[in-house]
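# Close look at the chain arrangement
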Amino acid sequence: MAKLSSLDDLLVHELQDIYNAEGQILKALPKMAKAATHPDLKAAFDEHRVQTEGQVRRLEQVFKLLGHPVKGKKCEGMAGLLDEGKKTMEQDADPAVLDAALIAAAQKVEHYEIASYGCLRTYAEMLGYTQAAQLLQQTLEEEEAADKKLTEIGESGVNQAASAAGVGADEEE
Ligand SMILES: [Fe+2]
Ligand SMILES: [Fe+2]
């Protein structure tokens, strides 16, 4: 088992976790874009994929700044979140309801990332790795913006369309 005897160790451990998580997200985003119907949602997933590529490169820079090999470690948390999203996409869903479900799944992913990058940035700051902390802060801000954008897309009509779906289907009510 890997040693966790210092904040430095924890920083590297968490970096390896999020590096692997970002790789998983990169594979999932094109599938989510394909499954989405609303053009704004499709565009948001495409845009975030490009952004995620940059985040992966930023993490590689952080590894280098810390003098550690670029290495990932299977992130079970992200695997679980993405697996739930995949199961949702496999369901026979109304397109508007599926869009709402995709927003929920993506926001869960963003919140995981926000927690990770917030901790990483703080550890790097505390340990005096100023440049690494700045890079991690940049990604944190992108994840926060992505989360906010998803909320806006949901509120601007996707959730409403989802609530209209199925109306009239339960005629006995
Ligand atoms: Fe990310
Ligand atoms: Fe993200």
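Attention in this report is confined to the structure presented alongside it. All values reported here derive from a predicted model rather than from experimental measurement.

## As for the coordination of the iron ion (ligand 1)
Bound to the iron ion (ligand 1) are the protein donor atoms E22 (OE), E22 (OE), Q55 (OE1), E113 (OE) and E143 (OE), situated 2.0 to 2.4 Å from the metal. Donor residues for the iron ion (ligand 1), ordered by position in the chain, follow E-x32-Q-x57-E-x29-E. In this structure the iron ion (ligand 2) is found 3.3 Å away from the iron ion (ligand 1), and E113 serves as a bridging donor for the pair. Of this pair, E22 sits in helix α1 (residues 7-35) while Q55 is found in helix α2 (residues 39-66), placing the two residues 33 residues apart along the sequence. Across the pair, Q55 and E22 agree in class, each one buried.

## Here we look at the packing of aromatic side chains
With the rule as written, the count across this model stands at one aromatic pair. Taking 5.7 Å as the distance between ring centres and 85° as the angle between the ring planes, the aromatic pair formed by Y19 and F63 counts as edge-to-face. Taken together, the residues span a long stretch of sequence, with Y19 in helix α1 and F63 in helix α2 at a distance of 44 residues. Neither residue differs from the other here; Y19 and F63 are each classed as buried.

## Section: the packing of helix α4 (residues 95-126) against helix α5 (residues 130-164)
Running from N to C, α4 and α5 cross one another at 160°; their axes reach a closest spacing of 8 Å. Looking at the two axes, α4 sits roughly antiparallel to α5. Read as a crossing pair, α4 and α5 show a hand that is left-handed. Taken together, the residues of the contact of α4 with α5 break down into 19 nonpolar, eight polar and eight charged.

Cut-off values and rules
- Residues numbered from 1 in each chain as written.
- Chains lettered and ligands numbered in written order.
- Predicted model: local features only at pLDDT ≥ 70, side-chain atom pairs only at ≥ 80, totals over all residues.
- Heavy atoms only, no water.
- Donors = N, O, S within 2.8 Å, 3.2 Å for Na, K, Ca; no water.
- Helix = DSSP H or I, 4+ residues; strand = E, 2+ residues; numbered from the N terminus.
- Buried < 20%, exposed > 50% of the residue type's maximum accessible area, 1.4 Å probe, protein only.
- Phe/Tyr/Trp six-rings, centres within 6.5 Å; stacked < 30°, edge-to-face > 60°.
- Axes fitted to C-alpha atoms, helices over the stretch in contact; angles between N-to-C directions.
- Parallel < 35°, antiparallel > 145°, perpendicular 65-115°, else oblique.
- Left-handed = near helix turned anticlockwise from the far one by under 90°.
- Nonpolar A, V, L, I, M, F, W, Y, C, P; charged D, E, K, R; others polar.

What is shown is where atoms sit, not what they do.
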